[in-house]
Amino acid sequence: MSPGKQRLDESDIRIRPNRRGTRPRTKQRPEHADAITAMVTGVDRGRYTLLIDEGGPDEHRAIAMKARELGRDRVVPGDRVDVVGDSSGDDGSLSRIVRIEERTTVLRRSADDTDAIERIIVANADQLVIVTALADPEPRTRMIDRCVVAGYDAGMDVLLCLTKADLADPTELVAMYAPIGVAVVVTRRGPGGELEALDDVRRALAGRTSVLVGHSGVGKSTLVNALVPDAFRAVGVVNDVTGRGRHTSSSAIALRMPAPEGPADGEDRADGAGWVIDTPGVRSFGLAHVKLENLLAPFGDLAGVAQECPRGCTHADDAPDCLLDEWVAASPDPETSAARAARLESFRRLLVSRAGTIGAENTPERDSR
Ligand SMILES: Nc1nc2c(ncn2[C@@H]2O[C@H](COP(=O)(O)OP(=O)(O)OP(=O)(O)O)[C@@H](O)[C@H]2O)c(=O)[nH]1
Ligand SMILES: [Zn+2]
């Protein structure tokens, strides 16, 4: 488990079990012994949409409210929760969320004008998908970098999804992110108007819970609609006139993507279906507390070297005696030297993007590309 997954958050305080023993909490709360587990797929004005018995014979949706005992703890899409009460999903039924299960990951958005603290917006996602158009709107690499940092800090894999390759060549951006270990998929609109290379995206999402982020206009809705047919209809956010789905709610929403045909990418994925969590209007992520080691972790080669750095080394460009510079200088041949320099430069770019730029996305930015 990466350090990012262990970080406490506002609700950990309540769900930390075993204060009074080693038995699971359910047993200590007989009044909730009948609680059932559900996944939170959406949140709207204090009402939570749940999926109960996912993949089972009794799978259905239900609506819930938060039990008072949870206080101000936030419940977000992706959360696994225990519910009591009427979870039949019948018209007018309402159940109560009484517990939030421990989260494997959390994604936060940064503090902003309306809110002084970093809020959790999605729980339990294992992959962050940064949707970026290659043109119209122009890619903003600083925003991409910040998203990469947020994903790595949260202990997620990062996938860069470059859209609109019919409008601009992806080569440069692909080359820019390859040294960082970010997987890249590229989509485009074909002559017939339909999206191409969707299977690559499906394979990259299969069997995982992926949270999609991206600026307005990059083609995120187009992508989600193509990946998850009828998805927005299932959660009731379809434009009555066009019949086309689009994200209107102010919070994230979890959509289930059908399993792609053919084998899934990577290792053991028993179930090729995936969860796609769409986030609306997330402008920046909470990067205020990103730990250096979380950022280093995905850079295995650098992390090994940096361990030997002087105590308190920031590993930044201007850090005195940072061994990462020596590591590049000590390359056995020019090819290795170029590769190491690219890695180090990329890592330092992320370091910089982490620092002191909260809310920077709200103002026009100068691109570092
Ligand atoms: N040329 C081209 N246009 C695309 C592609 N994908 C989406 N678009 C167009 O880009 C525009 C924006 O797409 P949306 O899917 O609405 O973008 P979005 O990211 O969801 O934007 P918001 O809904 O504002 O958050 C639409 O006019 C799409 O038709 C693509 O691959 N190529
Ligand atoms: Zn160093």
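If you check an unreviewed UniProt entry, the protein chain appears there as Small ribosomal subunit biogenesis GTPase RsgA from Pengzhenrongella frigida. UniProt lists a comment for the protein chain under the heading Sequence similarities (unreviewed entry), and it reads "Belongs to the TRAFAC class YlqF/YawG GTPase family. RsgA subfamily."

Student: Before we go on, may I ask you to explain the pairing of strand β1 (residues 36-44) in this structure?
Tutor: A regular strand places its side chains on the two faces of the sheet in alternate fashion. In this structure, β1 lies alongside strand β4 (residues 80-85), joined through four bridges in antiparallel fashion. Counterpart to M39 in the pairing with β4 is R80. Note that β1 and strand β2 (residues 47-52) share six bridges and pair antiparallel. What sits directly across from G42, in β2, is T49.

Student: What's the story with the environment of A35 in this structure? I'm lost.
Tutor: Tracing the backbone through its elements, the reader meets A35 in the loop between α3 (25-28) and β1. Residue class for A35 comes out buried when judged on the 20 C-beta atoms lying within 10 Å of it. Sequence separation of A35 and G304 is 269 residues, and the distance between their C-alpha atoms is 46 Å.

Student: What is the right way to read unusual backbone geometry from this model?
Tutor: With the exception of glycine, the majority of residues adopt a negative phi angle, and the majority of peptide bonds are in the trans configuration. A cis amide bond links D136 to the next residue, P137, at an omega of 0°. Examined against the element boundaries, P137 turns out to sit in the loop between β8 (127-133) and α4 (141-153). Its identity as a non-glycine residue notwithstanding, R45 has a phi of 45°, on the positive side. By the C-beta count within 10 Å, which is 7 here, R45 ends up exposed. Phi at K164 takes a positive value of approximately 60°, unusual for a residue other than glycine. Along the chain, K164 falls in the loop between β9 (157-163) and α5 (171-177). Overall, K164 belongs to the buried group, with 23 C-beta atoms counted inside 10 Å.

Student: Got a minute to help me understand the site of ligand 1 in this structure?
Tutor: By nearness alone, 17 residues border ligand 1, and R189, S216, G219, S221 and T222 come closest of all. Within the residue set of the shell around ligand 1, elements represented by two or more residues are β11 (188-189) and α7 (220-227). Counting residues per element, the shell around ligand 1 draws most heavily on α7, at three residues. Residues that form the shell around ligand 1 fall into these classes: three nonpolar, eight polar and six charged.

Student: Sorry, what's going on with the UniProt feature "binding site: Zn(2+)" (unreviewed entry) in the protein chain here?
Tutor: Here the UniProt feature "binding site: Zn(2+)" (unreviewed entry) sits at C309, C313, H315 and C322. With respect to the secondary-structure elements, C309 resides in the loop between α10 (300-306) and α11 (323-329). By the C-beta count within 10 Å, which is 16 here, C309 ends up partly exposed. Not counting residues within four places of it along the chain, the set of residues in contact with C309 comprises H315, C322 and L323. Looking at the secondary structure, you find C313 in the loop between α10 and α11.

Conventions used here
- Residues numbered from 1 in each chain as written.
- Chains lettered and ligands numbered in written order.
- Predicted model: local features only at pLDDT ≥ 70, side-chain atom pairs only at ≥ 80, totals over all residues.
- UniProt positions renumbered as here; feature names shortened; annotations may be inferred.
- Pairing = 2+ DSSP bridges.
- Helix = DSSP H or I, 4+ residues; strand = E, 2+ residues; numbered from the N terminus.
- Buried ≥ 20, exposed ≤ 12 C-beta atoms within 10 Å, placed from the backbone.
- Near = placed C-beta within 6 Å.
- Nonpolar A, V, L, I, M, F, W, Y, C, P; charged D, E, K, R; others polar.
- Contact = placed C-beta atoms within 7 Å.

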